[in-house]
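Residue-level structure breakdown
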Amino acid sequence: MARNKEKLVLLLDVGPSMHSVLTEVEKVCSMLVEKKLIYSKNDEMGVVVVGTEETNNDLKKEVGGYDNIVVLQDIKVVDGDLIDTLQKLPRGTVNGDFLDAIVVGMDMLIKRYKDIYKGKKRLCLITNAIHPIKDSLEGSKEDQVRTIAVQMTAQGMKMESLVVRGSLGQGANKRIMDENDRLLSIFSEETRTRTVYVDSPISLLGALKTRRVTPVTVFRGDLEVSPKMKIKVWVYKKTQEERFPTLKKYSEKAPSTNKFATHQVKLDYEYKSIDDSSKVVPPEQRIKGYRYGPQVVPISPAEWDAVKFKPEKGIKLLGFTDASNIIRHYYMKDVYLFIAEPGNTRAILAVSSIARAMKEMNKVAILRCVWRQGQQNVVVGVLTPNISQNDRIPDSFYFNVLPFVEDVREYQFPSFNSLPASLQPNEQQQKAADEFVQRLDLAPSGKEEMLLPDFTPNPVLERFYRHLELKSRQPDAAVPPIDDTLKRITEPDPNLFSENKSVTDALRKHFELKENPKLKKSARRLLREKPSSSNEEDVNADVSDAQTVSSIEKPPGVGIEKIGDLTPVQDFEAIMSRRDSSDWVRTAIMEMRDKILDLLSDPHKEDNHLKAVECIAALREGCILEQEPEPYNNLMRYIYRYCQEKGMSSFSQLLVARELTLISKSESANSDVTDDEARSCFVKTEVKPEN
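Nothing here was measured: the structure is a model prediction, and the numbers come from that model. (Residues numbered from 1 in each chain as written. Predicted model: local features only at pLDDT ≥ 70, side-chain atom pairs only at ≥ 80, totals over all residues. Heavy atoms only, no water.)

What follows covers the pattern of salt bridges. Scanning all chains against the criterion turns up 41 salt bridges. Among the ionic pairs, Lys36 bridges to Asp43, the shortest N-O distance being 2.9 Å. Here Asp135 and Lys141 are joined by a salt bridge, their closest N and O atoms 3.6 Å apart. Connected via shared salt-bridge partners are Glu6, Lys36, Asp43, Arg122, Glu160 and Arg194. (Salt bridge = Lys/Arg side-chain N within 4 Å of Asp/Glu carboxyl O.)

Remark: helix H18 (residues 583–601) packs on helix H20 (residues 629–646), axes separated minimally by 11 Å, with the N-to-C direction vectors making an angle of 10 degrees. Taken together, the axes of H18 and H20 lie roughly parallel to each other. Residues Ile589, Met590, Arg593, Ile596, Leu597, Leu600 and Ser601 of H18 lie in contact with H20, whose contacting residues are Pro631, Leu635, Tyr638, Ile639 and Tyr642. Class assignment for the residues of the contact of H18 with H20 results in 10 nonpolar, 1 polar and 1 charged. (Axes fitted to C-alpha atoms, helices over the stretch in contact; angles between N-to-C directions. Helix = DSSP H or I, 4+ residues; strand = E, 2+ residues; numbered from the N terminus. Parallel < 35°, antiparallel > 145°, perpendicular 65-115°, else oblique. Contact = heavy atoms within 4.5 Å. Nonpolar A, V, L, I, M, F, W, Y, C, P; charged D, E, K, R; others polar.)

Let us look at the packing of helix H5 (residues 141–154) against helix H6 (residues 174–190). Axes are the key here: two packed helices are described by the angle between their axes and the distance separating the axes. Following both chains from N to C, one finds H5 and H6 inclined at 30 degrees, their axes separated by 9 Å at the closest point. Comparing the axis directions of H5 and H6 gives the class roughly parallel. In this structure, H5 meets H6 at a crossing whose hand is right-handed. Side by side, H5 and H6 meet where Lys141, Glu142, Val145, Arg146, Ile148, Ala149, Met152 and Thr153 of the first sit next to Glu179, Arg182, Leu183, Ile186, Phe187 and Glu190 of the second. For the contact of H5 with H6, the per-class residue count stands at 7 nonpolar, 1 polar and 6 charged. (Left-handed = near helix turned anticlockwise from the far one by under 90°.)

Once that is clear, we can look at the sheet that holds strand E11 (residues 314–322). Pairing in this closed barrel of 7 strands is mixed, and the strands run E7-E8-E12-E15-E14-E13-E11 around the ring. Neighbour-to-neighbour, the strand axes of the sheet open up by a mean angle of 35 degrees, direction not taken into account. Packing against the sheet, helix H9 (residues 345–361) makes contact with strand E7 (217–226), strand E8 (229–237), E11, strand E12 (332–340), strand E13 (363–370), strand E14 (379–386) and strand E15 (396–401), and its axis sits at approximately 80 degrees to E8. (Pairing = 2+ DSSP bridges.)

Before going further, it helps to examine the sheet that holds strand E4 (residues 121–127). Reading across from one edge, E3-E2-E1-E4-E5-E6 is the order of the 6 strands in this open sheet, with mixed pairing throughout. Every interior strand has two partners, whereas the edge strands, strand E3 (69–77) and strand E6 (192–198), have only one. Pairs of neighbouring strands in the sheet enclose a mean axial angle of 10 degrees, with direction left out of account. Here strand E5 (residues 157–164) runs beside E6; their pairing, made up of 7 bridges, is parallel. In the sheet register, Val163 faces E6, and the bridge partner there is Tyr197.

Another point: a negative patch on the surface. A surface patch of negative charge is lined by Asp199, Asp441, Glu448 and Glu449. The residue Asp441 is located in the loop between helix H10 (427–439) and helix H11 (459–473) in this model. (Patch = residues over 30% accessible without salt bridge, like charges linked within 9 Å, V, L, I, M, F, W, Y side chains within 5 Å. Areas by Shrake-Rupley, 256 points an atom, 1.4 Å probe, with all protein chains shown as cover. Lys, Arg positive; Asp, Glu negative; His and termini not counted. Charge placed at Lys NZ, Arg CZ, Asp CG, Glu CD.)

Turning to a nonpolar patch on the surface, a few remarks are in order. Where nonpolar side chains cluster on the molecular surface, the patch consists of Val265, Leu267, Tyr269 and Tyr271 and spans about 480 Å² of accessible area. Tracing the chain through its elements places Tyr269 in the loop between E8 and strand E9 (288–292).

Here the focus is the pairing of E5. Burial runs high along E5: 7 of the 8 residues are buried. With 7 bridges joining them, E4 and E5 adopt parallel strand pairing. Bridge pairing in E5 links Leu123 to Met159. Following the backbone out of E4, through H5 and into the adjacent parallel E5, one traces a crossover that is right-handed. (Buried < 20%, exposed > 50% of the residue type's maximum accessible area, 1.4 Å probe, protein only. Right-handed = clockwise from strand over helix to strand, strands pointing away.)

With respect to the secondary-structure elements, Glu469 resides in helix H11. Spatially, the C-alpha atoms of Glu469 and Leu37 are 9.5 Å apart, while their sequence positions differ by 432 residues. Those residues in contact with Glu469 that lie beyond four places of it in its chain are Glu34, Ile83 and Gln87.

The predicted model of the protein averages 83 in pLDDT, with 90% of residues at 70 or higher. Every residue in residues 519–558 is under pLDDT 50, and counting partners more than four places away or in other chains gives 34 contacts. Note on residues 685–691: pLDDT is under 50 here. Beyond four places in sequence and across chains, it has 10 contacts. (pLDDT = per-residue confidence, 0-100.)

All chains considered together, the criterion is met by 11 aromatic pairs. On the basis of an interplanar angle of 75 degrees and a centroid distance of 5.8 Å, the ring pair of Tyr290 and Trp304 is categorised as edge-to-face. A residue pair is termed long-range when its members are at least 10 positions apart, and Tyr290 in strand E9 and Trp304 in helix H8 (residues 301–307) qualify at 14 residues. A residue is classified by how much of its surface remains accessible, and Tyr290, at 32% relative accessible area, is partly exposed. Trp304 sits in the partly exposed class, given a relative accessible area of 36%. (Phe/Tyr/Trp six-rings, centres within 6.5 Å; stacked < 30°, edge-to-face > 60°.)

Right, let's talk about H5 for a bit. Compared with the 20 Å implied by 1.5 Å per residue over 14 residues, the 20 Å span of H5 between its first and last C-alpha is a close match. Residues of H5 that are buried: Lys141, Val145, Ile148, Ala149 and Met152. One side of H5 holds all its buried residues, which, seen down the axis, span an arc of 105 degrees. Turned more than 90 degrees from where H5 packs its buried face, Thr147 and Val150 sit exposed. Summarising the contacts, the buried residues of H5 are in contact with helix H4 (98–113), E4, E5, H6 and E6. (Expected span 1.5 Å × (residues − 1). Arc of directions from axis to C-beta.)

Here it is as structure tokens:
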């Protein structure tokens, strides 16, 4: 509809001091037009640049002055040509006056729309505001700004000012910058103006809201504090996830000469009788059926309506609780904003008094919400006070949806304190890790936070829109490389790492990385690389090796339920790592115990001693990690007695050499074995010469 169309004029400072960021300005302004072509293709835009050698604007011709300002594009409906204009901004040679640019932009909007479309006319100023503006012929500069602000308010105009500082402000005259900031603040006080200061290309890319969503209430009605106390409130969505635009099917069947063709694809469904395929069943003779075992149960709309849960629309207070009882990660979905009904003084006072009392007592409220009549689900959430710092803006509440019991996902992880001392970091390692984390903090003390959420765009969506615009012009164009600005969001900051190279080197020094020995070649590749002249014995050996490789390279836990003979250690680790059932840990321990006993009782036991030792080492490590010392200790006590009975002193010496003792209490809190008992277990075995 015409009344929903936005009328926007971009006021862009292209003076010499802005040249270093003009590339980013071109990108963000082009993105603004690209999104309008998708979501608001009837919006109208104009472009004004300030700081050029040339002058071309109506006010210069009519009243004089307003030098170094060029109307690059008159106000018109957004199109692809406007993108081309914004992607090739001129580089100015003089320092312009941003206040003159505002007046030129206002003049364009007034002449084209008069006093209509109030609230839909907007100016967007992008400048660094580090150069002085001209003195006023009448009165002070502040008086001049207030006069402009009055006219802006009378015409129903809004303004958005993006002030790019950071490195651009270094070396500039602080007195001039402070004066310009004060003049811009007058616009914020007197008009509907939003002023944002940015210091990096990333912040600039996210500061300009390229897509504007008109706020719509999700609820208007009573907040029932008690049966005798109700407060009139309005509820808006405060945040909402930005998604990819809906892509529809496009039909090329329409004649190319038809200018009014929509090229839409419409789907129609027909239901035909089984007995007579030529007979179409009308809607009134159809009923939905739902499978229940081998049968299909028909349920009519009337029956569905009779059993539907139909809560009454409304918001009820269930109670108050300490803010510490609501865990932050329990918040679900979007954030809602509760405000008192506009113009209702009693509601505003009631909301403010409750919000300030909750803030003072550190309390939050639990609400039961049904946003609309006929809604089939009930929302339970937490209401948090939002105390306004602006006297002209009343207090309000933020509302977050809380999960029901079945929606809560609790992931329990064992504490590092339960691990043995040998697996815990020493003091130097802990210090190196702490310093590494502190140095890579995105919000270091005394500095501004990097990648602020309000000013950091979604890099996936940004790249999608740029590629979409490119494909609209060049259908066969390949996906372009990722933009440097987006790389700064998605990749580690090289400057940050170079500044903290000593910290990363210290971390690398204290934590030694060892390569995990593992066969790299797959079974198929191993067999393929063998020469065809190999004898039968070599082929059999290759097949055995290939089976071993296949067993080792099998993903952990996939299809492994028993410990095999070829790779018992790898099979044990794979079963222990399975998390689809808590029984797998017990199964793996029992399977490995039986495998160890089989290896010791085999007639060719001398050939299996080394494999049994490796299995015992794997079992010991697994039992420590899972805090299951008892099965391992019982097995080792049995092996101790077995070695004494069978005279297997050589096997006992292997265990002592590998320090495969009992699991002590220092290694597992669940163990009842002291450190002395663990060390003395196999040492007691008397070494006898074997025949």
